[in-house]
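Coordinates in review
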Amino acid sequence: MHTLNLSAQTKTGRYAELLPQISALTEGESDLTANLANTAAVLKEAFGWLWVGFYLVRGQELVLGPFQGPAACTRIRFGRGVCGQAWRQAQTLVVADVDSFPGHIACSSHSKSEIVVPLLDAAGGVWGVLDADAQTLSAFDADDAAGLEAVARILSERSAVAAAG
């Protein structure tokens with residue numbers, strides 16, 4: 001069992017504390033599901049978001065992976081919603097108000113803002129996305145984008161090691 005050590009009061013400080021802990025938690029673990037599940041749990045505990053989890057590329061769809069929070073959409077087509085657009089663009093999307101995002105997929109009526117970070121392989125291809133939803137408007141910002149992109153890099157590194165081994 002791992003206990004999070006969090007004392008920072010700012011988001012930037014909290015990410016700085018979390019990154020080495022996520023790295024240590026996933027180091028040496030070759031199972032992708034285990035690493036994604038633990039990472040979702042750590043992020044949910046650290047930030048208290050409504051929902052945080054992963055969707056994995058399977059053909060032309062994103063399929064629900066490990067997550068923390070209420071039940072979620074199971075499949076998302078390429079280019080659809082915030083997750084599908086982050087996949088298509090291979091870039092992080094921060095949405096301050098999901099109701100103003102064209103084509104937003106409302107998996108939960110409680111979700112008000114969202115951030116989606118693509119998980120990139122060594123060639124820059126998207127193999128999944130990290131998705132987080134909050135119950136408040138404008139909950140995510142550049143600090144979250146930078147922090148979650150760093151988390152995504154750790155997970156992509158672990159994924160590549162697992163695929164090679």
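Residues numbered from 1 in each chain as written. Predicted model: local features only at pLDDT ≥ 70, side-chain atom pairs only at ≥ 80, totals over all residues. Heavy atoms only, no water.

Test applied: UniProt positions are given in the numbering used here, feature names are shortened, and annotations may be inferred rather than shown by experiment.
Looking at an unreviewed UniProt entry, the protein chain carries the name Free methionine-R-sulfoxide reductase, with the source organism given as Kingella potus. In its Sequence similarities (unreviewed entry) section, UniProt records this for the protein chain: "Belongs to the free Met sulfoxide reductase family."

A look at the environment of Ser109
How we decide: A helix here means a DSSP run of H or I that spans at least four residues, while a strand means a run of E at least two residues long, and both kinds are numbered starting from the N terminus. Each residue is placed in one exposure class: buried if its accessible area under a 1.4 Å probe, protein chains only, is under 20% of its type's maximum, exposed if it is over 50%, and partly exposed if it falls in between.
Along the chain, the position of Ser109 falls in the loop between strand S4 (93-95) and strand S5 (113-120). Using a relative accessible area of 61% as the deciding quantity, one classes Ser109 as exposed. Between the C-alpha atoms of Ser109 and Gln135, which are 26 residues apart in sequence, the distance is 9.1 Å.

Some thoughts on unusual backbone geometry
In this model, Ala90 sits at a positive phi of 50°, which is unusual for a non-glycine residue. Considering the arrangement of structural elements, one finds Ala90 in the loop between helix H3 (81-89) and S4. Using a relative accessible area of 33% as the deciding quantity, one classes Ala90 as partly exposed. Within the chain, Ser138 stands out as a residue other than glycine whose phi angle is a positive 55°. Of note, Ser138 is situated in the loop between strand S6 (126-134) and helix H4 (142-164).

Some details on the sheet that holds strand S1 (residues 51-58)
Here is the rule we go by: In this description, strands pair whenever DSSP reports at least two bridges between them. Lines fitted to the C-alpha atoms define the axes, with helices restricted to the stretch that makes contact. Angles between their N-to-C directions range from 0 to 180 degrees. Contact between two residues is taken to exist if any of their heavy atoms lie within 4.5 Å; hydrogens are not considered.
Taken together, the six strands give an open sheet; going across it, the order is S3-S2-S1-S6-S5-S4, and neighbouring strands pair in antiparallel fashion. The strands lining the two open edges of the sheet, one partner per strand, are strand S3 (75-77) and S4. Taken pair by pair, the neighbouring strands of this sheet meet at an average axis angle of 25°, ignoring direction. As defined by bridge partners, S1 adjoins S6 across six bridges and the pair is classed as antiparallel. The partner of Tyr55 across the bridge, within S6, is Val129. Contacts from H3 reach S1, strand S2 (61-68), S3, S4, S5 and S6 within the one sheet, and its direction differs from that of S5 by about 35°.

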